[in-house]
Amino acid sequence: MVYATSDGSMRQRLRVGMVGGGRNAFIGAVHRLAMRLDDQIALVAGALSSDPENAAVSAAEIGIVPERSYADYREMARVEAMRSDGIEAVVIVTPNHLHAPIATPFLEAGIDVICDKPLSTTLTDAEALVSLARAKNRKFVVTLNNTGYAMVRQAREMVAAGELGRIVAVHAAYIQDWLTLPIDAEGQKQAEWRTDPARAGQSAVLADIGVHAFNLASFVSGCQAEQVFADLFTAVPGRRLDDNAHVLVRWTGEARGTILASQTSPGHYNDLSVRIYGDKAGLEWSGLRPEELRFSRHGEETRTLVRGGHGASEESRRVSRMPAAHPEGYIEAFANLYRDAADIIRAHRAGEAVDAARAAQVPDVVDGARGVKFVAAAVASSSAGGAWAPALFP
């Protein structure tokens, strides 16, 4: 399983397996699309469902041979670790409560991990995964995929280069409307598990979309959350977990800001945004217009920077696939994350130096743990009736 690089050399595709993501699972199909886009990854094994029959049928539909379709992820970790052509990384796309239990045996078997967010449902599990990944010297990528957009990468570069000056305020929001009605109580599968404390964790809205907003704010600004002051609430009567969250944040470097997450805001299908303001300039990015970045120097007209256009940064050009005005979006951003993850894992497993700049663009187990810490701190703050709670990790 080899592919040709742009310079004509041949490289081995990264062999991966997947846990979860069987038939009719939304996010598993998205991951598979993203990993195929650059043809650097081969999906060769899977435990795609907890139901053995569904696991076998799902594997057959995507071309996994029967002997590498597993009914149990523990068996998959054990057997694949012993094969000479076994998987080098596992992709975990299950409900939240299974992330840590699944990642653990693969790390112990010496297999790298690519895991959907959130990293885990408890801070204890998150800390344990950080320790285990370090002890086993394994790479652990968390698919906070919005970091893969070209103009998000450009925004990060601009902040790091000091174009905004001293960072004063950092805001991010993720607003949806799909849980406005009690579809979870009516048995809608995706809604039902996401609002179940046993599977989603302490918070529904923060674990599902709030961690994306939080990570995006931190990724672009370079700031970490020191303290949070949160109000989490449930708009739909009878729902078991929150569906809205308003969080004040004290960031490192004395910046202030907010994280807003809602899944009951009619008219908003999937509205993710980040705004960073410094003492010299500000910038804004929206997932509804991902090809653009609004940049405003104080006292000057606002400029709209366009992916691939004049003023595009080196990093945004590297991760762009098409010229300006040839639209790129969600799958391409996800694929950028997978392409970088494949390069990092492959280099690490070969004993080669990992490109530090490239690695810094890819959320890892510590970034995932920071998200879990943020959720735990927000829940603690809200449960205390509104009080500042420590949020810094580690």
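Look a little higher up for the structure.
Residues numbered from 1 in each chain as written. Predicted model: local features only at pLDDT ≥ 70, side-chain atom pairs only at ≥ 80, totals over all residues. Heavy atoms only, no water.

1. Things to note about the packing of helix H9 (residues 205-221) against helix H13 (residues 365-383)
Stated precisely, the cut-off is as follows: All axes here are fitted lines through C-alpha atoms, helices being fitted over the stretch that makes contact, and every angle between N-to-C directions spans 0 to 180 degrees. Helix numbering and strand numbering both begin at the N terminus, where a helix is a DSSP run of H or I of at least 4 residues and a strand a DSSP run of E of at least 2. Whether a crossing is left-handed or right-handed is set by the direction in which the near helix is turned from the far one by less than a right angle, anticlockwise for left-handed and clockwise for right-handed. The contact criterion used is simple: two residues touch if any of their non-hydrogen atoms lie within 4.5 Å. Each residue is assigned to one of three groups, with Ala, Val, Leu, Ile, Met, Phe, Trp, Tyr, Cys and Pro labelled nonpolar, Asp, Glu, Lys and Arg labelled charged, and all others, Gly among them, labelled polar.
The interhelical angle for the contact between H9 and H13, taken along N-to-C directions, is 115°, at an axis separation of 10 Å. Both H9 and H13 take part in a crossing whose hand is right-handed. Side by side, H9 and H13 meet where Leu206, Ala207, Gly210, Val211, Phe214 and Asn215 of the first sit next to Asp367, Arg370, Gly371, Phe374, Val375 and Ala378 of the second. Looking at the contact of H9 with H13 residue by residue, the classes come out as seven nonpolar, three polar and two charged.

2. With respect to unusual backbone geometry
In plain terms, the rule: We call a residue buried when its accessible area falls under 20% of the maximum for its residue type, exposed when it is over 50%, and partly exposed in between, using a 1.4 Å probe and counting protein chains only.
In this chain, lysine 117 is followed by proline 118 through a cis amide linkage whose omega measures -15°. Residue position: proline 118 is located in the loop between strand E6 (112-115) and helix H5 (123-136). Residue proline 394 is bonded to the preceding phenylalanine 393 through a cis peptide linkage, with omega at -5°. Of note, proline 394 is situated in the segment after strand E16 (389-390). Despite not being glycine, aspartate 39 shows a phi value in the positive range, around 60°. Along the chain, the position of aspartate 39 falls in the loop between helix H1 (26-36) and strand E4 (41-47). Look at aspartate 39 and you get partly exposed, because its relative accessible area is 38%. One non-glycine residue with positive phi stands out, namely glutamate 254, at about 75°.

3. Brief notes about the sheet that holds E6
The strands that make up a sheet are held in pairs by hydrogen bonds between backbone atoms, and each pair lies either parallel or antiparallel. Let me state the cut-off plainly: Strands were regarded as paired on the criterion that DSSP finds at least two bridges between them.
Strand order in the open sheet formed by five strands is E4-E3-E5-E6-E7, with parallel pairing between adjacent strands. With one partner strand each, in any of the chains shown, E4 and strand E7 (140-142) form the two edges of the open sheet. Neighbour-to-neighbour, the strand axes of this sheet turn through a mean angle of 25°, independent of strand direction. Both strand E5 (residues 89-93) and E6 contribute to a ladder of four bridges, which runs parallel. From the neighbouring strand, valine 91 faces E6, where its bridge partner is isoleucine 114. Strand contacts of helix H3 (residues 73-82): strand E3 (14-20), E4 and E5, with the helix running at about 130° to E4, the strand carrying the most contacts.

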